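# Chains, contacts and geometry: an overview
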Amino acid sequence: MSSKQRVAVVTGASRGAGKGIAEALGATGAIVYVTGRTVEEGAAPLPGTVAATAEAVTAAGGQGIAVACDHSDDAQVKALFDRVREEQGHLDILVNNATTIHDALVDAGPFWEKPLELTEIWNVGMRSHYVASWYAAPLLLKSEAGLVVNTSSFGGRIYMHGPAYGAGKAAVDKMAHDMAVDFRPHNVAVVSLWMGLLMTERTQRVFDSEPEKYAELAAATESPVFTGRVIAALAQDPERMQKSGKVHIGAELAQEYGISDKDGKQPPSHRAFFGAPTEFGDAVVE
């Protein structure tokens, strides 16, 4: 990739994984558009706003640009990428992270005892990743070395939080594989990245409720910035096209690239417990 300032879009970045990813990309000097629905502190149950994330990106060394965007509204997504086109003319990195997580997701019990609203992850999550990629595609084609990352988890392979969550994650994994086929002639890589247990605002709230119960689990978490560092390294990897179309474990890519978390620790891969990433066939039927 050339030395010119890279342009990135990170969706769902008011807090959580998106915020950390945006900050890490900002630390590389990138222009980072961060999207989210929260524009005023206190308007959501968890702390964070798109403006605060944009400020953190700028403080890290990049240029953060906050864009209020509801990814369930295609018109707002179109307006986002229209703005990127008008202001930058191209896009180097798209991180599809916006996802609806219902509070009942981690409740015990079978799926029929949980709210039907858990299926919203198929809208803001599965479908919104597709829509953002669709609108971003013409801008990514103008990049010298484009990259699309779908943030995902081991839930795409194992039972995790029930069938709604699992179907949503499996879908974005397969979507990355199939989009990679279409993007390959244009030197745009597409991957799905399995993150570990992230110490987000939501996770912190759960851990704080019963600190003794979660002490051991808390020690095995990753920071959202860690995922961002992995994505930044992948974007600069001259061999990144060899990784395109595949599902990758973030912790394993970190080891390959020599990346540690912000506390200096090396988060472990959970392959031994949850299994290897999903692999897809090589045949292409058009």
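Notes on the structure in this doc start here. Keep in mind that this is a model prediction, so the values were computed, not measured. (Residues numbered from 1 in each chain as written. Predicted model: local features only at pLDDT ≥ 70, side-chain atom pairs only at ≥ 80, totals over all residues. Heavy atoms only, no water.)

This next bit is on the overall build of the protein. Secondary structure summary: the protein contains ten helices and seven strands in total. Its C-alpha atoms give the protein a radius of gyration of 18 Å, near enough to 19 Å, the size a compact globule of 286 residues would have. If one aligns the C-alpha atoms of the protein with their principal axes, the spans along those axes are about 50 × 45 × 40 Å. Counting all 286 residues of the protein, 51% fall into the buried class. Excluding contacts between residues fewer than 6 apart, the proportion of contacts in the protein whose partners are at least 24 apart in sequence is 72%. Element-wise, carbon and sulfur atoms account for 53% of the exposed surface of the protein, whose accessible area totals about 13300 Å². Taking the 25 positively charged and 35 negatively charged side chains of the protein as two groups, their mean positions are separated by 3 Å. (Helix = DSSP H or I, 4+ residues; strand = E, 2+ residues; numbered from the N terminus. Rg over C-alpha atoms; globule rule 2.2 N^0.38 Å. Buried < 20%, exposed > 50% of the residue type's maximum accessible area, 1.4 Å probe, protein only. Contact = heavy atoms within 4.5 Å. Areas by Shrake-Rupley, 256 points an atom, 1.4 Å probe, with all protein chains shown as cover. Lys, Arg positive; Asp, Glu negative; His and termini not counted. Charge placed at Lys NZ, Arg CZ, Asp CG, Glu CD.)

Our next topic: unusual backbone geometry. Most peptide bonds take the trans configuration, and most residues that are not glycine carry a negative phi. In this structure, histidine 161 takes a positive phi of about 65° despite not being glycine. The topology assignment puts histidine 161 in the loop between strand E5 (146-152) and helix H5 (163-183). On the basis of relative accessibility, which here comes to 30%, the residue histidine 161 falls in the partly exposed class. The phi dihedral of asparagine 187 falls on the positive side, at around 65°, and the residue is not glycine. Structurally, asparagine 187 can be placed in the loop between H5 and strand E6 (188-194). Note on asparagine 187: relative accessible area 31%, which makes it partly exposed.

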